[in-house]
Amino acid sequence: MLVSLKIKSENTEKEIPIIIEVESENPLFDVRVFLKDKYINIAEEQELILELEIFNLGVTEGRFDVLVTYEIRDSEGNIISSEQETLAIETKISMIKHLQIPSTAKIGEYILYVSVESGDTRGSASTQFTINDRNQTLKEILIENTWLMASIFIGIILFIILKIWGIPYHAKIKGKNK
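Residues numbered from 1 in each chain as written. Predicted model: local features only at pLDDT ≥ 70, side-chain atom pairs only at ≥ 80, totals over all residues. Heavy atoms only, no water.

Here's the deal with the overall build of the chain
Point 1. Of regular secondary structure, the chain possesses two helices and 10 strands.
Point 2. In sequence order, the chain lays out its α and β elements as β-β-β-β-β-β-β-β-β-β-α-α.
Point 3. Relative to its full complement of 178 residues, the chain shows a buried share of 30%.
Point 4. Long-range pairs, those at least 24 residues apart, make up 59% of the contacts in the chain with a sequence separation of at least 6.
Point 5. When the accessible surface of the chain is split by element, carbon and sulfur atoms take 55% of a total near 12100 Å². (Helix = DSSP H or I, 4+ residues; strand = E, 2+ residues; numbered from the N terminus. Buried < 20%, exposed > 50% of the residue type's maximum accessible area, 1.4 Å probe, protein only. Contact = heavy atoms within 4.5 Å. Areas by Shrake-Rupley, 256 points an atom, 1.4 Å probe, with all protein chains shown as cover.)

As for the sheet that holds strand 4 (residues 41-43)
Point 1. Reading across the sheet, the five strands line up as 4-10-9-6-7 and stay open at both edges, with mixed pairing between neighbours. Two strands bound the open sheet, and with one partner strand each, they are strand 4 and strand 7 (79-89). Neighbour to neighbour, the strand axes of the sheet diverge by 30° on average, direction disregarded.
Point 2. Bridge count for strand 6 (residues 64-74) against strand 7 is 10 bridges, and the pairing is antiparallel. Counterpart to V68 in the pairing with strand 7 is E85. (Pairing = 2+ DSSP bridges. Axes fitted to C-alpha atoms, helices over the stretch in contact; angles between N-to-C directions.)

Quick look at the pattern of salt bridges
Point 1. Within this structure, the stated rule accounts for seven salt bridges.
Point 2. Among the salt bridges present, the one from R63 reaches E90, with a minimum N-O distance of 3.8 Å. With a gap of 27 residues between them, R63 in the loop between strand 5 (47-56) and strand 6 and E90 in the loop between strand 7 and strand 8 (92-100) connect regions that are remote in the sequence.
Point 3. With relative accessibility at 60%, the residue R63 sits in the exposed group.
Point 4. Residue classification places E90 among the partly exposed residues on the basis of a relative accessible area of 41%.
Point 5. Here R122 ties to E117 by a salt bridge, and the two come within 3.3 Å at their closest N and O atoms.
Point 6. Look at R122 and you get partly exposed, because its relative accessible area is 30%.
Point 7. We classify E117 as partly exposed; its relative accessible area is 25%. (Salt bridge = Lys/Arg side-chain N within 4 Å of Asp/Glu carboxyl O.)

What about the nonpolar core?
Point 1. Ranked by size, the top nonpolar core spans 30 residues in total, and within it L48, I54, V68, L112 and F129 carry the most contacts.
Point 2. Mapped onto this core, the elements with two or more residues apiece are strand 3 (29-35), strand 5, strand 6, strand 7, strand 8, strand 9 (108-118) and strand 10 (121-132).
Point 3. In this view, I54 contacts F29, D30, V68, L87, I89, T91, K92, I93 and V116; residues no more than four positions away in its chain are not counted. (Core = buried A, V, L, I, M, F, W, Y, C linked by side-chain atoms within 4.5 Å.)

Quick look at the packing of aromatic side chains
Point 1. Taken as a whole, this structure holds one aromatic pair when the rule is applied.
Point 2. Considering the side-chain rings of Y110 and F129, the 5.9 Å spacing of their centres and the 25° angle between planes classify their relative orientation as stacked. Here the residue Y110 occupies a position in strand 9, and F129 occupies one in strand 10, the gap between them amounting to 19 residues.
Point 3. A cation over a ring is seen here: R73 above Y113, with NZ or CZ 4.4 Å from the ring centre. (Phe/Tyr/Trp six-rings, centres within 6.5 Å; stacked < 30°, edge-to-face > 60°. Lys NZ or Arg CZ within 6 Å of the ring centre and 35° of its normal.)

Set out below in structure tokens:
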């Protein structure tokens with residue numbers, strides 16, 4: 001279930017979406033989902049890459065299958081994308097998963113919700129991310145890499161200066177050798 005927590009101050013009001021999930025009393029596994037920093041703010045129609053970890057808590061011995069459901073939900077709780085797969089787990093699963101953001105997704109706040117089920121038990125995890133305008137994301141990349149841009153610019157200027165200084169110098173040396 002998705003609920004919102006509203007925080008108000010004199011000047012601003014912020015609404016924070018919260019997912020409340022009721023898990024099994026004796027869960028078989030623990031679920032963790034991570035997004036690297038560069039996937040917390042992504043452009044429209046970009047691929048979302050997540051790291052998933054599922055831990056067998058030792059209730060079931062040996063290998064067994066789990067049904068993993070990946071959902072992308074908007075700030076209203078509506079599911080805009082869903083995908084399922086069956087995985088076999090013995091002690092732990094660590095994996096990278098690629099999810100395509102649908103072209104219908106609008107700019108805004110989203111929740112990645114992952115649930116893992118086996119029989120009548122369920123474990124889940126969630127994390128937030130933002131879909132930005134493609135141009136805004138490009139600006140953020142340029143701002144984050146300012147030092148790289150400055151280094152490239154300085155390198156180009158030095159190259160030009162050395163080329164200009166080097167041509168007359170080489171011409172003088174060649175003129176003296178004749």
